[in-house]
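Per-entry structural report
Here are the chains, one letter per residue:
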Amino acid sequence: MEGNFKLEINLGSENITENIKIDVVNNDYSYNSFFNRYLLNNNPVVIKNISNWDCIKDWINDDGINFSYLEEKYGDSPVMIYNCKIPHYNSQKTECATLRDYLNSWAKAKDDLLYLKDWHLKNQKPDDNFYRVPIYFASDWLNEYFCECLKDDYRFVYIGPKNTCWSTNIFGQKKWLLFPPGEELKLLDNLGNLPYDLEKVDLKNCKYYEIIQESSEAIFIPSGWYHQVWNLKDSISINHNWVNGCNIKMMWKSLCDNLNNVRKEIEDCKEMENFEDHCQVMLKASFGIDLQGFYEMLSYIAGKRINLLKNNVEIILFDCYSLGENHAIFDLKCILEIFELFIQNGFVRFINNKNDCIFELVENIKVWVN
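Criteria and cut-off values
Residues numbered from 1 in each chain as written. Predicted model: local features only at pLDDT ≥ 70, side-chain atom pairs only at ≥ 80, totals over all residues. Heavy atoms only, no water. Helix = DSSP H or I, 4+ residues; strand = E, 2+ residues; numbered from the N terminus. Buried < 20%, exposed > 50% of the residue type's maximum accessible area, 1.4 Å probe, protein only. Areas by Shrake-Rupley, 256 points an atom, 1.4 Å probe, with all protein chains shown as cover. Salt bridge = Lys/Arg side-chain N within 4 Å of Asp/Glu carboxyl O. pLDDT = per-residue confidence, 0-100. Contact = heavy atoms within 4.5 Å. Disulfide = S-S within 2.5 Å. Phe/Tyr/Trp six-rings, centres within 6.5 Å; stacked < 30°, edge-to-face > 60°. Lys NZ or Arg CZ within 6 Å of the ring centre and 35° of its normal. Arc of directions from axis to C-beta. Pairing = 2+ DSSP bridges. Axes fitted to C-alpha atoms, helices over the stretch in contact; angles between N-to-C directions. Expected span 1.5 Å × (residues − 1).

This brings us to the overall build of the chain. The helix and strand inventory of the chain stands at eleven helices and 17 strands. Each of the 370 residues in the chain was classed as buried or not, and the buried ones make up 52%. If you sum the accessible surface of the chain, you get close to 17,800 Å²; carbon and sulfur atoms cover 46% of it.

Any two side chains of opposite charge can pair, so long as their charged atoms come close to each other. If you walk through the whole model with that rule in mind, you get 16 salt bridges. We note a salt bridge from R155 to D153, for which the minimum N-O separation is 3.1 Å. For the pair formed by R155 and D153, the shared burial category is buried. Close ionic contact of R305 with D331 constitutes a salt bridge, the shortest N to O distance being 3.0 Å. In this pair, R305 is assigned in helix α9 (residues 291–311) and D331 in helix α10 (residues 325–344), connecting sequence segments 26 residues apart. Across this residue pair, the class does not change: R305 and D331 are buried. Put simply, E144, E148, K304, R305 and D331 are held in one network by salt bridges that share partners.

On to the confidence of the model for the chain. Residues of the chain with pLDDT of at least 70 account for 89%, and the chain-wide mean is 86. Considering only residues more than four positions removed or in separate chains, one finds that residues 1–9, a stretch of pLDDT under 50, has 71 contacts. Low confidence marks residues 11–20, where pLDDT is under 50. Its contacts with residues over four positions away, or in another chain, come to 39 contacts.

Moving on: the state of the cysteines. Across all of its chains, the model carries zero disulfides by this definition. As a non-bridged cysteine, C269 has C279 as the owner of its nearest cysteine sulfur, 9.2 Å distant. We classify C269 as partly exposed; its relative accessible area is 30%.

As enumerated under the stated definition, the model contains 33 aromatic pairs in all. Considering the side-chain rings of W53 and Y131, the 5.5 Å spacing of their centres and the 65° angle between planes classify their relative orientation as edge-to-face. Residue W53 is located in the loop between β3 (45–48) and α2 (54–58), and its partner Y131 is located in the loop between α5 (121–124) and α6 (141–150); the two are separated by 78 residues in the primary sequence. By relative accessible area, which is 8% here, W53 ends up buried. For Y131, a relative accessible area of 9% corresponds to the buried category. Against the face of W230 rests K175, its NZ or CZ located 5.5 Å from the ring centre.

This paragraph deals with helix α4 (residues 99–108). In an α-helix, one full turn covers 3.6 residues, which means residues spaced three or four apart are oriented alike. Restricting attention to buried positions, one finds in α4 the residues L99, Y102, L103 and W106. Projected down its long axis, α4 shows its buried positions confined to an angular sector of 95°, all on one face.

Reading across the sheet, the three strands line up as β12-β11-β14 and stay open at both edges, with antiparallel pairing between neighbours. Every interior strand has two partners, whereas the edge strands, β12 (209–213) and β14 (226–231), have only one. Averaged over all pairs of adjacent strands, the angle between strand axes in this sheet comes to 20°, irrespective of strand direction. Across five bridges, strand β11 (residues 174–179) lies against β12 in antiparallel orientation. Within β12, the position partnered with L177 by the bridge is E210.

The first and last C-alpha atoms of α9 sit 29 Å apart over 21 residues, in line with the 30 Å expected at 1.5 Å per residue. With 15 of its 21 residues buried, α9 lies for the most part within the structure. In the stretch just after α9, N312 is the one whose phi turns positive, near 60°.

Its identity is not glycine, yet N274 carries a phi of approximately 60°, on the positive side. For N274, the position within the fold is in the loop between α7 (248–265) and α8 (275–287). Not every positive phi belongs to a glycine, and N312 is a case in point at roughly 60°. Summarising the element assignment, N312 is placed in the loop between α9 and β16 (316–317). Take N312: its relative accessible area is 59%, and that puts it in the exposed class.

Here it is, written out as structure tokens:
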């Protein structure tokens, strides 16, 4: 889904090399400073000394990745495998397998460059606390809504040998190329496509950061920052996508842009019956959420914040963080702005049989933010 912040975490036993091209902070950096300097301003940052996670202790050993532990613990888990030697459109050829099958393939032929990507391990094993979300990312509307309401999530594990590509890390080392918003437009071809492999592209006219991510480091990739990633060593990693008040307006803009693109793509069918409904189906398929789902996510988050402020019902995030009243008010202000845009753009008609609810909810929010 476009428009989401990503928490890219590299966990392992390698020595940490400080990156001087973007800010670097320790894991004890204050929440308020991080919120104001990086989240609100949409700035990337490297976070050092991510530690005390079970996956650091259990998933790696003196020889590197602890394949025996992973197979014993998660061998039957379904995973998706990407073949980095076989491009497929702007990705790679994929196949479904079990983790055991993947680890056996790795052991037989690492040069096949098979990459395990987007493994929903936390969703498959909700009681397995193999990692802990840093406090900076505790306010996470995307996973709060999807986990509590749809039993889904945007939390992933990746595993891959050296020279595989795409994003994230727990053990090993990764190379990132990170482009500030707008710089990716310089990379588009005549058809408007981004390059499959930036290592084969002349970047002399682009502004970008090259980052070497070491073990026990997290990289915060803000919304709208295009990036590509390569494993420089055998790697295992966690990727956590999320949305909150800091970037919800960017997600809204991205959703609207994608809707406009869908409309243009099937413009020759605009006279057909239920044209806009078809656009919503295509929007959900391409973007991951349609206007109905987007409204339901925001209304769910708003309802919990109002309940906190009105009835003092505590909100616990990721089983260990308690949301404060000031943060709840901030969230409601951000949601109010989006709902007003929702109404102004005439999107209320996409809320199934709930046209009055958004107006009532807007008035309820105003009680707490004015």
